[in-house]
Structure formats: C-alpha cells, structure tokens
Amino acid sequence: MEKNGELKKTPFWRWHVEHDGKMVDFGGWEMPVQYQAGIVQEHLATRRYGGLFDVSHMGRFRFKGKDLIPFLQKVMTNNCQGLEPWKSQYTIIQNGNGGALDDAFLYRFGEDDYLMVVNASNLEKDWAHFQEQAAGFKDLALEDHSQTVAMIAFQGPLAREALEKMCRGGFMPQPRQNNLSQTSLLGAEILLSRTGYTGEPNSFELFVPTEKAEEIWDALYQESKGKGVVPVGLGARDTLRLEASMPLYGHELGLDLEDKEIPIFAIPLAPVAVSFSDLKDDFIGREALARQFEALKEIRAGAEKPPAALPKRIMSVALLDRGIARQGHQVYIDGEKIGTVSSGTSCPYWKLVGEGAMVEPGEESALRSLALAYLDSTVVPGTEVEIEVRKKRIRARVVKFHGRSDAPPYFHALPADGE
C-alpha cells in the first residue's frame, strides 16, 4: 500500500517519466497508462513488432524447504509435482468454496528454485493466506522477493531476436510456451520465461536484479526501438489481454458484480489450471472444484439447463453493431437476461493478408468492439445476443476466440465477420 500517502514506484518509474509516460494511480502504484503514441498504436506495435511492459508491481514469492511441494499442492489448483525443471504453469490460489483468491504463475527454475508471480492488488492478501496455511508445515520457508527482483515482459514477434542478440551465456528457453532458462544480460544473471499476458506466440518475461533493472530495460529498448518495438502502458496491456480472452482478477475471477463468487471452472483456462491428480491428495476446495468439473462435463454433453455448480461461464463476445460494451452491461437473448459483460473495450487489429501458413498482418488496421461476458453456462459459440449499451440494445455474437496465437510469429485477430 501507499506509505504516507505516496504511491509506490517500480524500478522503472524514472524511465517512464523521462519518456513521457502518462502516470496514473494503479492500485497504489504510480504506473504508465500509456505513452505519447497512445493505446491504439502501442497495441498494434506489440502485435506487429513487439512491446516492453513494466510488470514489477506484481508480487514475486519464493518457496523453500522439504515441505514446499506438499504446501504448494494444498494451496494451489495445479499439480506442481508434475512440474519439471525449467518449466512453468498457470495456476489458481483457491478457497474452500472453489472460488479464486487469485490466479498466478508458478515457475520452477532448475531443480529447487520455485518462484510464484501473483497479482499486485492481491499481494498482501495472498501473502497472509500463505503464511496462515504454512503453519502446518515444519520445513518450509516463504520469501517475498518483490523488492529485490524486478520483472519485465517483452512480448511480440521480434522479442526473441532481440534477446538472443543481447544475452550471453546460459541458454534461451525452448520455443514453446511455459519453458524457462537462465542467461546473462549486461553482466547480470537473469531468469527468462516463455510466458506473458498478451497472447503473443513470442512472449517472454525477464526476472532481473532490481539494481540492474532500469539499465536492462533501456538497453532492450535502445536495441529494438528502430525496428518498431515500443514501451507499453497499462491501457494497451488490458486491450491485448482482452483480445487474447485472458481473465483478469476482479473481472473474470473473484466476485461478480452481485458480490457472488465466480466458480473457477467458469473461466476457459480452468481445465489447464486445475488438476485432480492423486499426487495432490486432499487440497483446499477439491470437493467444490470436482463438482464444478462434473458440471462442465454435463454442459459439454449438451445439458439443457445450467447446472447448479456452474450456472454461468466466461465467454468471448464480439459486437456486430456500433458501440462499446463495458463491464456491467447486461446481455440478453430474446429479451431475457442471460448475463453481464465482465470486460469490454474497443480494440485495434491488423487486417491479415495471405493464405494458410503464410497469413500475416497487412498494412491496414481497423477497430472492433469485443468483450468477455459472464453468461448462462449452456450458451454456445455462434449464439446471437444483444448487449444493452446506453439504454440501447446492440447486436453481438458469442465466439470461440477473439484471436489465435498458434501460428507463430504473429497473433491472428479473428473479427466476428471474418474468417
């Protein structure tokens, strides 16, 4: 939280100010929402070239001791015992009701270095929860490295090329998501991961010593700015994650707008974030999550009515008429309310050219309105809906994705009226 009314600052604060970042209060942190080019251009540049993101406001915890595996198996939804060295996994910090206290990423650097990244707004809550749960484990140490380790996200088609040119020694992560490595940059040992929050196929996150953080950030920028890479603020970070249909705590996880708990299996990522492996034994919320999973199977089998354990799910929605859907806007089918927008915005995208494996961004861009919405769980992609925007109902369609990242090096936008 703020100290004596002052906002907290990341190691890159001075750089942001000197490069005309528009600074705002973001959960007690003074962070850039955008730079001079603006949110639209930062979004487009990331998709075509690359973007640098300051994510040092997020929390970074390390776990040590012989009891770290049993502890992590209890307090997280995924199976950390199945996490191999130099791999990472998306996971959720759950409560006993099958709801999310937070979502997180767990990284295993080598054999014994387990590092977790949590959301900035939940850092203190997560830390207190872990401290409480740790009381039952004798050989366990929890360390908060949020101040000693800074974090940079480098996302986009040119990110790997720049890192390979600048890094020395060690090794680069294998070219698949969630792989990890260790290398050296400007004489500093850094940890490198193939992860991110943009949906980019070429996505990297760097864990760097705080005292070298600004120097490393500026070197990455100087090396790649002539090729189109830009610094990116919070505004484009949000449009990028929304275009990739990634959940945000407080919108798609946590409590809904009626202060009811959102089941973890409401998000599309739940099947990869929750494990019922026998290796996990009995973990927090297992019974509730198992009920949600069974409900999901009912829905996939064609359930006519939403099951009680999973009444609604988060789905991607693309607007067909002019207008912008925002969090809280109501969604209808044939005049009957079926849910609420959880996140929504106007988003730029590159129009694609070429065919098959040769598809790539062309020279023309456009804007589209897209959203994530918390809808009756039996609604399926392709369903036409209406969203009430400023007392007017506009047409929209539930879609599988707003874009795909499975054809590197580019993220491919999928407009509702395109192919």
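So, here is what we can say about the structure in this document. (Residues numbered from 1 in each chain as written. Predicted model: local features only at pLDDT ≥ 70, side-chain atom pairs only at ≥ 80, totals over all residues. Heavy atoms only, no water.)

1. Section: the packing of helix H3 (residues 68-75) against helix H4 (residues 123-134)
Two numbers describe how H3 lies on H4: the axes approach to 11 Å, and their chain directions differ by 120°. Classed by the angle they form, the pair H3 and H4 counts as oblique. Both H3 and H4 take part in a crossing whose hand is right-handed. Contacts between H3 and H4 involve Phe71, Lys74 and Val75 on the former and, on the latter, Phe130, Gln133 and Ala134. Class assignment for the residues of the contact of H3 with H4 results in 4 nonpolar, 1 polar and 1 charged. (Axes fitted to C-alpha atoms, helices over the stretch in contact; angles between N-to-C directions. Helix = DSSP H or I, 4+ residues; strand = E, 2+ residues; numbered from the N terminus. Parallel < 35°, antiparallel > 145°, perpendicular 65-115°, else oblique. Left-handed = near helix turned anticlockwise from the far one by under 90°. Contact = heavy atoms within 4.5 Å. Nonpolar A, V, L, I, M, F, W, Y, C, P; charged D, E, K, R; others polar.)

2. Re the nonpolar core
Among the nonpolar cores identified, the biggest contains 41 residues, and Tyr107 and Phe207 are the most heavily contacted of them. Only strand E5 (87-94), strand E6 (100-109), strand E7 (113-118), strand E9 (149-155), helix H7 (234-243), helix H8 (270-273), helix H9 (286-300) and strand E17 (360-376) provide two or more residues apiece to this core. Look past the residues within four positions of Tyr107 in its chain and what remains in contact with it is Lys87, Ser88, Asp113, Tyr114, Leu115, Val117, Met151, Leu180, Ser193, Thr195, Glu205 and Phe207. One finds Met172, Leu185, Phe204 and Trp217 within the second-largest nonpolar core, a separate group that totals 27 residues. (Core = buried A, V, L, I, M, F, W, Y, C linked by side-chain atoms within 4.5 Å. Buried < 20%, exposed > 50% of the residue type's maximum accessible area, 1.4 Å probe, protein only.)

3. Examining the packing of aromatic side chains
This structure, assessed with the given rule, holds 21 aromatic pairs. Geometrically, the ring pair formed by Trp86 and Phe171 is edge-to-face, given 5.2 Å between the ring centres and 80° between the ring planes. Within this pair, whereas Trp86 is found in the loop between H3 and E5, its partner Phe171 is found in the loop between helix H5 (159-166) and strand E10 (180-185), the two being separated by 85 residues in sequence. When the ring of Phe276 is compared with that of Phe293, the centres are 5.6 Å apart and the planes differ by 40°; the resulting orientation is tilted. (Phe/Tyr/Trp six-rings, centres within 6.5 Å; stacked < 30°, edge-to-face > 60°.)

4. A short note on the packing of H5 against helix H6 (residues 213-224)
Where H5 contacts H6, the axes come no closer than 10 Å and their chain directions differ by 115°. What the angle tells us is that H5 and H6 run roughly perpendicular. H6 is crossed by H5, and the crossing has right-handed handedness. Of H6, the residues touching H5 (which contributes Ala162, Leu163, Lys165 and Met166) are Ala219, Leu220, Glu223 and Ser224.

5. Describing a negative patch on the surface
A surface patch of like charges, here negative, comprises Asp278, Asp281, Asp282 and Glu287. As for its position among the elements, Asp282 is in the loop between H8 and H9. (Patch = residues over 30% accessible without salt bridge, like charges linked within 9 Å, V, L, I, M, F, W, Y side chains within 5 Å. Areas by Shrake-Rupley, 256 points an atom, 1.4 Å probe, with all protein chains shown as cover. Salt bridge = Lys/Arg side-chain N within 4 Å of Asp/Glu carboxyl O. Lys, Arg positive; Asp, Glu negative; His and termini not counted. Charge placed at Lys NZ, Arg CZ, Asp CG, Glu CD.)

6. Examining unusual backbone geometry
Of note, the amide linkage connecting Pro408 to Pro409 takes the cis form, showing an omega dihedral of 10°. Examined against the element boundaries, Pro409 turns out to sit in the loop between strand E20 (403-404) and strand E21 (412-413). Of note, Asp259 is a non-glycine position whose phi angle comes to about 60°, a positive value. Among the secondary structure elements, Asp259 is positioned in the loop between H7 and H8. By relative accessible area, which is 61% here, Asp259 ends up exposed.

7. Looking at H3
Counted residue by residue, H3 has 6 buried out of 8 residues, so it is predominantly covered. Every buried residue belonging to H3 is among Leu68, Ile69, Phe71, Leu72, Gln73 and Val75, and all of these are buried.

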